[in-house]
Each structure stands twice: as structure tokens, then as C-alpha cells.
Amino acid sequence: QNEDSPFFGIIMAGTGCGKTRASLKFLTALNNEKLRITVALGLRTLSCQTHREYTKEIFTGLDNISNEVGLAVGTCLNNLDRVEEVDENDNNNVKDDMLGDIDTVTDFNGSTAEAMENDDDVDSFIDDNINLENKILQVIAKTNKDKIIIDKPIVVMTIDNIMKAFKQDISSNLRYLMRVISSDFVLDEIDDYDTKDLISISCLIYMLGYFRRRVFISSATVTPEISKTLFDFYQSGVMDNLNQDKNIIYSFVNENNVETYKKDFNKTSPSIFVDDLNKFTTNVYDSISVKSSKFLKHRIDTVALSSVTSIEQTHEVLYNSIKKLHHFNEIHYDDLTISTGFIKFNNVRDSQDFSMFLGGRSKIDDNCHIVWLNYHSHFMNLERFYIEDFLDTYMVRKSKIDPILHCKFGSEPLFATTQFQDHIKKAKTLNKSNIIFVLSTTNIIEVGRDHDYDWAIIEPSSIKSVVQSLGRVKRHREINVHHSLETIPTDYSNVLLFDRFLVDIKNNNKNNS
């Protein structure tokens with residue numbers, strides 16, 4: 001392809017498959033190994049996680065990656081985010097604990113933090129098209145912040161920042177326009193935005209098409225409607241700049257396959273794009289079906305709550321369900337059986353109440369020692385920082401390949417911690433042979449967490465919510481069905497879904513009283 005060829009790519013791989021790294025590699029290859037990329041995300045947690053992964057795992061030791069979020073925060077807590085409070089009395093059972101974590105892209109006036117990185121550059125990574133020796137850029141880049149936004153080869157930011165490229169009423173916004181003109185883009189978790197936000201993002205896609213920048217949109221649950229709409233805007237931008245060649249390249253990517261098409265954009269109608277996308281998704285479905293017959297990540301069942309009449313009964317049913325999942329997914333360690341899992345509620349108060357229940361229930365259980373942790377948005381920033389730091393460190397169980405079963409299994413960094421060793425000693429002292437680590441949480445667990453648990457219990461709020469939650473179970477591991485079929489019980493499961501919303505149980509309680 002020509003170096004200036006417009007490119008529109010869609011990564012629709014599953015959670016935990018490495019979409020963040022893949023998009024970086026694809027765009028670098030498309031740009032003749034020149035690295036000039038902007039990663040725009042809707043969540044502050046995702047922005048900080050991506051920045052952390054790039055700096056610690058991909059570009060170790062380099063200071064050429066800038067992270068900018070739409071909130072002024074201290075450097076030590078730069079991975080914290082503010083989340084709107086969830087009203088427990090709201091009867092809408094689809095309350096999202098992440099809502100305040102999403103930067104509203106239609107608000108172009110949000111405050112921004114000064115970038116926390118220095119502006120040292122590695123010449124081998126910088127695109128030659130951007131050179132601060134240029135007199136024009138010397139006029140534009142008046143501050144250190146301007147230099148970082150314009151000159152850094154990789155910028156990870158919340159998407160509200162880049163939207164300021166459209167609002168040129170103040171001179172400081174010019175740096176974002178320069179970034180749009182000169183950088184390829186990755187838009188991650190594209191389906192996290194509402195309709196109003198997608199309208200603004202479509203304008204960004206149009207502008208990127210006009211300037212013939214390469215674009216990757218990425219999500220495990222991106223819909224055909226969103227894909228088609230964004231491609232239409234990108235194609236319109238390319239067509240409005242007719243001074244260049246008339247070819248457009250688009251590509252569909254998942255963990256097993258890549259399909260690339262190069263066509264004359266004057267002859268590429270939206271229906272052709274949709275037909276190609278449908279063919280690819282059909283192939284993806286077929287490959288998933290084949291893989292699921294060989295490897296097992298999730299087997300889903302339900303928690304029977306239809307007959308319960310109170311929250312107290314619900315807690316008991318959930319507790320017994322935890323013990324059942326522990327039995328199916330236990331790991332043998334130091335003469336004990338151990339498992340880790342989370343239970344996701346749609347409401348913060350419900351997660352708090354269940355944590356308190358676990359604290360008392362574990363004391364009267366003869367054979368199970370429960371290590372429980374509550375994680376939601378209502379903690380103070382400092383408390384939440386330590387909880388997230390603990391989970392991000394010890395629940396990342398990167399996989400290895402079993403030489404006999406040829407399947408993935410995870411490391412267990414949690415077991416080596418001082419805190420968990422203390423729980424092991426306590427369990428042995430109490431003559432309990434089972435230790436269950438339970439995270440009582442909310443929708444905040446769904447996105448931006450590279451955690452890997454053995455099992456999960458989920459109060460569903462949407463299909464997307466369930467899919468994202470499933471991405472935290474055996475994230476980097478799987479069971480080889482061919483070698484383990486005889487040992488897997490017929491009623492085995494590692495994910496349970498509520499068959500009834502808790503708000504319904506509460507409402508029935510009020511009506512009966």
C-alpha cells in the first residue's frame with residue numbers, strides 16, 4: 001500500500017486477547033515502522049491501564065508515552081477515577097457503577113491535567129512529519145504541554161481531550177488539532193458511549209478520514225451498526241479530500257483471523273462494507289464454535305432466586321452457590337483447596353451488604369474460610385487506590401502452556417502475599433481445609449481490569465455487561481476438554497447468573513410488609 005493510503009480497521013477479539021497490543025503493532029506496521037499513535041479511551045481507568053501496560057510491558061524504560069486524563073489528579077493516584085453515586089432507591093435495575101468514570105465527549109470544556117511525563121524523545125520512534133525545529137510548530141508549541149501533545153510518538157488520553165480539536169476558540173486547543181492531523185488513532189471500547197457521544201466521535205472519525213489518518217476501533221462487543229456508521233463517516237472524510245489516490249483499505253481482525261480489503265472508495269458502497277463485515281463475523285462464529293469444542297473457558301448456569309422472599313434468604317443462596325463454584329474450580333495448594341471469584345451486583349449498597357454478610361457467615365462455617373473484599377466506587381480515593389493496586393498486582397494470573405494438556409494455566413501471585421499466607425495459617429489453625437477469596441463488587445469490575453478469577457456470580461444488567469464480566473473469569477486460562485472430559489462433572493460451571501433482580505426481591509418484600 002501507499003504510505004498515505006487511508007485505513008479503517010476493526011478489532012473485535014474477545015476480552016483478554018491482547019487488543020491493546022495488537023492495534024499498536026498493526027498501526028506501526030502500516031506506517032512503515034514509524035510509531036506515531038494516539039489511543040483515545042472513554043474511561044480514565046482504561047487510559048491509565050493502557051498507559052501502564054505500554055510503559056511497563058511494551059516500551060520498558062522509555063519516557064515517550066504520555067498519559068492525559070480529563071481530571072486533575074496527583075501523580076501517585078493517577079489511576080483513580082471519580083464515579084457517580086448509584087442511588088439504591090432507584091428502581092431501574094440497570095444502574096451502572098462506572099457511569100461517572102466515562103468522560104462525556106460532547107462536553108469540550110472539561111479541565112485537563114498537566115501531563116506527568118517529561119518531554120525527552122527517542123528519535124528512532126518519532127515520525128519525521130513532526131519536527132519541533134519547524135518554525136510554525138515553534139510558534140504553536142509554546143508550553144511543555146503543547147510539546148508533549150504534538151511531539152510525543154505515543155499519547156494515551158481520555159477521549160474528551162482530543163474532542164477539543166473541534167473547538168478552536170482558544171489557542172491551547174490547537175495542539176489537539178495538530179495531533180489529529182499528524183497521528184494515527186486507536187479508539188478502544190467504542191461501544192461504551194451513548195448516542196450523543198457517538199455523534200461527536202463520528203465527527204472525529206470524519207476528520208481523521210479527511211486527513212487520511214489510519215484508524216482502529218476496538219471492542220469485544222462492537223455492533224455492526226456502530227461499525228457501519230463510523231465507516232460511513234470515515235469514507236465521507238476521505239471522499240471530501242479528493243487530491244489523493246482513490247483507494248480505501250479496511251480490515252477486520254480477531255484473535256484467529258485477519259481479513260483486509262482494498263477498494264476504490266467511489267465504488268465502495270456501505271452495503272459492500274456490511275456484506276464483508278457479515279462474512280467475517282460468520283467466520284468468527286464458526287472458529288469460536290470449533291475452539292469451544294476443544295477448550296473450555298466458561299460454562300454458565302443460573303442461581304435460583306425465584307423462590308426466595310427476603311434479602312437474607314438471597315444471601316444464603318448466594319453463599320451456597322459460592323461453595324458450589326469453589327468445589328468445581330478449586331486449586332490445591334499447601335494441603336488446602338483454594339479458589340478466587342467475584343460476585344457482581346448492579347447496586348453498590350447490595351455489594352456492601354453482602355460483604356458484611358460474608359464477614360459473619362464465614363465465622364460459623366465449619367470447613368470454609370472466606371477471605372472477602374468489597375470493591376466499588378464509593379470508597380475514598382486513597383482507599384480505592386490501595387484496593388485497585390492490590391487487585392491489579394495479585395489478580396493478574398498470566399498464563400503458561402501446560403506441556404501435557406497443551407492448555408493454558410495461570411500463575412498464582414496472590415498465594416505468595418503476606419496477607420494470604422496469614423489466612424492460610426489461620427485456616428489451618430481453625431482446621432478448615434477450604435479458603436475462598438470473594439470479591440463483592442459492582443459493574444466497575446467489567447472494564448479496565450486485567451484480572452483473572454476462577455469463577456463468578458453475576459447479576460446481569462445487559463448482554464454487554466455479562467460479556468465483559470465473563471472476560472474476568474479464566475481470562476488467561478482454559479481447560480483442555482479433550483484431555484479432561486472424563487474429569488469434568490456434567491453439572492460443572494464456573495459462572496452463575498441471577499435469574500431474578502435483587503430490586504424485584506426488595507420490592508416484593510415492601511409490598512408484602
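Residues numbered from 1 in each chain as written. Predicted model: local features only at pLDDT ≥ 70, side-chain atom pairs only at ≥ 80, totals over all residues. Heavy atoms only, no water.

Engineer: So what's going on with the overall build of the protein? Residues and values would help.
Structural biologist: Helices and strands together make up the secondary structure of the protein, namely 16 helices and 19 strands. Expressed as a percentage of its 513 residues, the buried residues of the protein come to 54%. For the protein, contacts bridging at least 24 residues in sequence account for 76% of all contacts bridging at least 6. Accessible surface, the protein as shown: approximately 22600 Å² in total, 52% of it carbon and sulfur. (Helix = DSSP H or I, 4+ residues; strand = E, 2+ residues; numbered from the N terminus. Buried < 20%, exposed > 50% of the residue type's maximum accessible area, 1.4 Å probe, protein only. Contact = heavy atoms within 4.5 Å. Areas by Shrake-Rupley, 256 points an atom, 1.4 Å probe, with all protein chains shown as cover.)

Engineer: Any chance you could break down the packing of aromatic side chains for me, citing the residues and the numbers?
Structural biologist: Applying the stated criterion across every chain, the model contains 24 aromatic pairs. Taken together, a centroid distance of 4.9 Å and an interplanar angle of 50° make the contact between Y333 and F415 tilted. You can see Y333 sitting in strand 11 (residues 331-333) and its partner F415 sitting in the loop between strand 15 (408-410) and helix 13 (418-429), a full 82 residues away along the chain. Take Y333: its relative accessible area is 30%, and that puts it in the partly exposed class. Note on F415: relative accessible area 2%, which makes it buried. With a centroid separation of 5.2 Å and 70° between ring planes, the pair formed by F342 and Y453 is classed as edge-to-face. With F342 in strand 12 (residues 336-344) and Y453 in the loop between strand 16 (434-441) and strand 17 (455-458), the pair connects residues that are 111 residues apart, well separated along the chain. Considered together, F342 and Y453 belong to a single accessibility category, that of buried residues. Ring pairs connect the aromatic residues F8, F231, Y234, Y250, F252, Y261, F273 and F280, which therefore count as one cluster. (Phe/Tyr/Trp six-rings, centres within 6.5 Å; stacked < 30°, edge-to-face > 60°.)

Engineer: A description of helix 8 (residues 224-239) should follow, citing residues and the corresponding values.
Structural biologist: For helix 8, spanning 16 residues, the distance from its first C-alpha to its last is 22 Å, which sits close to the expected 22 Å at 1.5 Å a residue. Of all the positions in helix 8, only I226, S227, L230, F231, D232, Y234, Q235, G237 and V238 are classed as buried. (Expected span 1.5 Å × (residues − 1).)

Engineer: I'd like to hear about the pairing of strand 17, residue by residue, with values.
Structural biologist: Residues in a regular strand project their side chains so that they alternate between the two faces of the sheet. Taking every second residue as pointing to the same face, both faces of strand 17 are buried, with W455 and I457 on one and A456 and I458 on the other. The pairing of strand 12 with strand 17 spans four bridges and is classified as parallel. Across the sheet, the residue bridging to I343 is I457, located in strand 17. Relative to strand 19 (residues 495-498), strand 17 runs parallel, the two being bridged by three bridges. Note on strand 19: the bridge partner recorded for A456 is V495. (Pairing = 2+ DSSP bridges.)

Engineer: How would you sum up the pattern of salt bridges? Please name residues and give values.
Structural biologist: In the structure shown here, the tally under the stated rule is ten salt bridges. As a salt-bridge pair, D350 and K506 come within 2.6 Å of each other at their nearest N and O atoms. Placement of the pair is D350 in helix 11 (residues 348-361) and K506 in helix 16 (residues 502-512), with a sequence separation of 156 residues. For K506, a relative accessible area of 21% translates into the label partly exposed. One salt-bridge network, in which partners are shared between bridges, spans D184, R213 and R214. (Salt bridge = Lys/Arg side-chain N within 4 Å of Asp/Glu carboxyl O.)

Engineer: Could you give an account of the nonpolar core, with specific residues and numbers?
Structural biologist: Grouped together as the largest cluster of nonpolar side chains are 40 residues, with contacts concentrated most on F8, L187, I190 and I201. Take this core: its biggest share by element is six residues, from helix 7 (residues 195-210). When sequence neighbours within four positions are dropped, the list of residues in contact with L187 reads A40, I159, I201, L204, I205, F216, I217 and S218. I338, L414, I435 and I444 belong to the second largest nonpolar core, which has 27 residues in total. (Core = buried A, V, L, I, M, F, W, Y, C linked by side-chain atoms within 4.5 Å.)

Engineer: So what's going on with the packing of helix 7 against helix 8? Residues and values would help.
Structural biologist: It is at 6 Å that the axes of helix 7 and helix 8 come closest, and there the two elements cross at 40°. In this view, helix 7 runs oblique relative to helix 8, as classed from their interaxial angle. In terms of crossing hand, the pair formed by helix 7 and helix 8 is right-handed. Taking contact as the criterion, the partners of L198, I201, S202, I205, Y206, L208, G209 and Y210 in helix 7 are, on helix 8, I226, T229, L230, F233, Y234, S236, G237 and V238. The residue inventory of the contact of helix 7 with helix 8, partitioned by class, reads eleven nonpolar, five polar and no charged. (Axes fitted to C-alpha atoms, helices over the stretch in contact; angles between N-to-C directions. Parallel < 35°, antiparallel > 145°, perpendicular 65-115°, else oblique. Left-handed = near helix turned anticlockwise from the far one by under 90°. Nonpolar A, V, L, I, M, F, W, Y, C, P; charged D, E, K, R; others polar.)

Engineer: Got a sec to walk through unusual backbone geometry? Specific residues and values, please.
Structural biologist: Residues other than glycine seldom take positive phi values, yet D334 does so here, at roughly 55°. Residue position: D334 is located in the loop between strand 11 and strand 12. Here the phi dihedral of D335 falls at roughly 65°; this positive angle occurs in a residue that is not glycine. If you trace the backbone, D335 turns up in the loop between strand 11 and strand 12. Residue class for D335 comes out exposed when judged on its relative accessible area of 77%.

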